[in-house]
Amino acid sequence: MAQRLLQHRAEDGARSVILADGDQAWFLNGVSSTRELALRAIAAGRSLSAEAEAAGKGAAVDIAAELAGGRLLAPIDHEDPAHLWMTGTGLTHLGSAEGRNKMHAAAAAGEKLTDSMRMFLEGVEGGKPEAGQVGQQPEWFYKGDGSQLVGPGADLLSPAFAQDGGEEPELAGVYIVGPDGTPFRLGLALANEFSDHVTERHNYLWLAHSKLRVAALGAELLIGEVPEDIRGTSRILRDGATLWEKPFLSGEANMSHSIGNLEQHHFKYGLFRRAGDVHVHFFGTATLSFSDEVRTAPGDEFEISAAPFALPLRNRLAIAAAETVSVKVL
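Summarised in this report is the structure supplied together with it.

The rules we used
- Residues numbered from 1 in each chain as written.
- Predicted model: local features only at pLDDT ≥ 70, side-chain atom pairs only at ≥ 80, totals over all residues.
- Heavy atoms only, no water.
- Buried < 20%, exposed > 50% of the residue type's maximum accessible area, 1.4 Å probe, protein only.
- Helix = DSSP H or I, 4+ residues; strand = E, 2+ residues; numbered from the N terminus.
- Pairing = 2+ DSSP bridges.
- Phe/Tyr/Trp six-rings, centres within 6.5 Å; stacked < 30°, edge-to-face > 60°.

### Brief notes about the pairing of strand E11 (residues 215-222)
Of all eight residues making up E11, eight are buried, and the element is well covered by its neighbours. Examined bridge by bridge, strand E7 (residues 149-150) and E11 share two bridges and lie parallel to one another. In the sheet register, Val150 faces E11, and the bridge partner there is Ala216. The sheet contact formed by strand E10 (residues 183-192) and E11 spans four bridges and is antiparallel. Across the sheet, the residue bridging to Asn192 is Ala216, located in E11.

### Examining the packing of aromatic side chains
The description of an aromatic ring pair uses the distance of the two centres, along with the angle that the planes make with each other. Scanning the entire structure with this criterion turns up six aromatic pairs. Consider the rings of Trp85 and Phe272, whose centres lie 5.0 Å apart with planes at 75°: the pair is edge-to-face. You can see Trp85 sitting in strand E5 (residues 84-88) and its partner Phe272 sitting in the loop between helix H8 (259-267) and strand E14 (278-282), a full 187 residues away along the chain. The pair formed by Trp85 and Phe272 is uniform in burial state, with each residue classed as buried. An angle of 55° between the planes, with centres 6.3 Å apart, marks the rings of Phe194 and Phe302 as tilted. Pair noted here: Phe194 is in the loop between E10 and helix H6 (197-202) and Phe302 is in strand E15 (residues 301-306), with a separation of 108 residues, a long-range link. In textbook terms, an aromatic cluster arises when at least three aromatic residues are bridged by ring pairs, as seen for Trp85, Trp140, Tyr142, Tyr269 and Phe272.

Here's what the structure looks like:
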């Protein structure tokens, strides 16, 4: 049975952590956050699962009812959002270059291969190194800090200046850095790595701009071994009806890079090994509604679901109010 951790906030604001195992779930005694549980596990030299069992199971809980009641949070956060990093890698899945290559082909019509396709093929060739070897470096991007992370049911707020607000259904690795600088993977979460694909299509060098957006995590943190093959569904609903729907694949069986290779090329930077920091790293996708010429609109609901996660991730698209920013000289 797949074990998952969830963060819960009661009506009075009190926080707690839920351990779900298969179709059963319980509150954990005396634990208020996933980060707290992880730091306890590191200090005790135990796995996250063993530390959850050591905390003890309290009252049983219906996680579907708690999700419907809006009481489930993102499965990880940090009391200081500046110490939570959101980053990601692209062109990591078999087939993921197709949509990206379409986007950039016009700008590179004179080349035999776009930069996107070259990077994808390099990942296919060297993204899964043998043990003890360093594999091909992937594409990498920065999304923001913890202030940009939203949980299930929250709006995905697109800036007023954005050209597009599109879903990216994928998995995210969740990590914490131990006291000695060692990164620990806590588990995986369903994710919507929300992006601006029109801005990216205009010029590949604007990829960095297109990624500076909020992103959503599903309520469950899958702990333990990473499944080799994860199959899910991504859909967009407009006015209650399905506008677009497509299956998506993830897990290493469907990736051109191993998760270990993606982790190595992220945490090789000392900046990302600061004790106590939390990292949410998005592993990429091969499935986008944008590649099928879908254009989203405010009020559209994105829904991402995949076993062994029991709960779907749902978020609505909203547009932020326009802001005028001026810099003053001191």
